[in-house]
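Analysis of the macromolecular model
Here's the letter readout for the chains.
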Amino acid sequence: VDTVSIHNSVGGYQAVSRLIRNGHRRIGVIGGIKGLSNTEERLQGYREALEEAGIPVDRALITYGDYIEEGGRDATRKLLDLDEPPTAIFSTNNLMTLGCIKELYRRNITIPDQMALIGFDDSTWAEALIPPLTTIKQPGYELGVNAAELLIKRLANPGSSTMNVVLNPELVVRESCGGD
């Protein structure tokens, strides 16, 4: 089938590279559903950024939240309960990020002073948080335009080969990741 998607691994890499540039060496990640392509691609970017920086991948810092708010809270609990918890968290979905924020708040952990945080999706509420949330922004409008264009091309030429468009996400730096 024809597809329009984003470079999920690029988004994961951008987020974790930013946290590393801000001085973090223990970076937890909240992945979505284990085995799902979006999840695995975002985790691939996470691993690539760590490896490039010479930071070993610690499996204890990789958690899953099933793309739901309560899953984000549960994953955050697991990360915070480690003997050596992370100093930063990369959450790969907006609902899990919300759950993460709620758990940090419940434990009186301040963002970014005590925990840096980067989310994925750049929901409209991300900028309204205190502090505003650094995110990986998916090009939603461009995804829709490209999908419509592929559909029009498919209708005009049903026998043509499969078309795939992959767009780049964008790191939107706000205050939740600390640093500059």
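Scroll up to find the structure this text is about.
Every value quoted in this text rests on a predicted model; they were computed, and no experiment measured them. (Residues numbered from 1 in each chain as written. Predicted model: local features only at pLDDT ≥ 70, side-chain atom pairs only at ≥ 80, totals over all residues. Heavy atoms only, no water.)

Examining the overall build of the protein chain
Tallying secondary structure elements over the protein chain gives five helices and eight strands in all. For the protein chain, the sequential pattern of α-helices and β-strands runs β-α-β-α-β-α-β-α-β-β-α-β-β. The C-alpha radius of gyration of the protein chain comes to 17 Å, within 12% of the 16 Å expected for a compact globule of 180 residues. Burial status across the protein chain gives 47% buried among its 180 residues. By element, 52% of the accessible surface of the protein chain is carried by carbon and sulfur atoms, the whole surface being about 9100 Å². Within the protein chain, the 24 negative side-chain charges are centred at a point lying 2 Å from the centre of the 18 positive side-chain charges. (Helix = DSSP H or I, 4+ residues; strand = E, 2+ residues; numbered from the N terminus. Rg over C-alpha atoms; globule rule 2.2 N^0.38 Å. Buried < 20%, exposed > 50% of the residue type's maximum accessible area, 1.4 Å probe, protein only. Areas by Shrake-Rupley, 256 points an atom, 1.4 Å probe, with all protein chains shown as cover. Lys, Arg positive; Asp, Glu negative; His and termini not counted. Charge placed at Lys NZ, Arg CZ, Asp CG, Glu CD.)

Here we look at unusual backbone geometry
Cis rather than trans, the peptide bond between Ile111 and Pro112 has omega equal to -5°. Counting through the fold element by element, Pro112 comes out in the loop between helix H4 (94-106) and strand S5 (116-121). Phi angles above zero are rare outside glycine, and Asp66 is one such case at about 55°. Along the chain, the position of Asp66 falls in the loop between strand S3 (62-64) and helix H3 (69-80). A positive phi is found at Asn108, a non-glycine position, where the angle reads about 60°. Among the secondary structure elements, Asn108 is positioned in the loop between H4 and S5.

Let's talk about the side chain of Thr63
Tracing the chain through its elements places Thr63 in strand S3. At 2.8 Å, the side chain of Thr63 and the backbone oxygen of Val29 are in polar contact. Filtering out sequence-adjacent residues up to four positions away, Thr63 remains in contact with Val29, Ile30, Gly31, Ala75, Lys78 and Leu79. (Polar contact = N/O pair within 3.5 Å; in protein donor to acceptor, adjacent residues only side chain to side chain. Contact = heavy atoms within 4.5 Å.)

Structural notes on the nonpolar core
One recurring pattern in soluble globular proteins: nonpolar side chains tend to sit buried together. Judged by nonpolar contacts, the single largest core of 38 residues is most densely connected at Val16, Leu19, Ile27, Tyr46 and Phe90. Counting residues per element, the ones that place at least two in this core are helix H1 (8-21), strand S2 (27-31), helix H2 (37-52), H3, strand S4 (88-91), H4 and S5. Excluding its chain neighbours within four sequence positions, the residues that come into contact with Phe90 are Gly11, Gly12, Ala15, Val16, Leu19, Gly28, Val29, Ile30, Arg42, Ile118, Gly119 and Phe120. (Core = buried A, V, L, I, M, F, W, Y, C linked by side-chain atoms within 4.5 Å.)

So, the pattern of salt bridges
Scanning the entire structure with this criterion turns up 12 salt bridges. With a shortest N-O distance of 2.7 Å, Asp2 and Arg154 are connected by a salt bridge. Here the residue Asp2 occupies a position in the segment before strand S1 (3-6), and Arg154 occupies one in helix H5 (residues 140-156), the gap between them amounting to 152 residues. The residue Glu103 makes a salt bridge to Arg73 at a minimum N-O spacing of 3.7 Å. Taken as a pair, Glu103 in helix H4 and Arg73 in helix H3 lie far apart in primary sequence, 30 residues in all. Both residues of the pair, Glu103 and Arg73, belong to the buried class. Sharing partners across several salt bridges, the network here consists of Glu70, Arg73, Asp74, Arg77, Asp81, Glu103, Arg106 and Arg107. (Salt bridge = Lys/Arg side-chain N within 4 Å of Asp/Glu carboxyl O.)

Read these as spatial facts, not as claims about activity.
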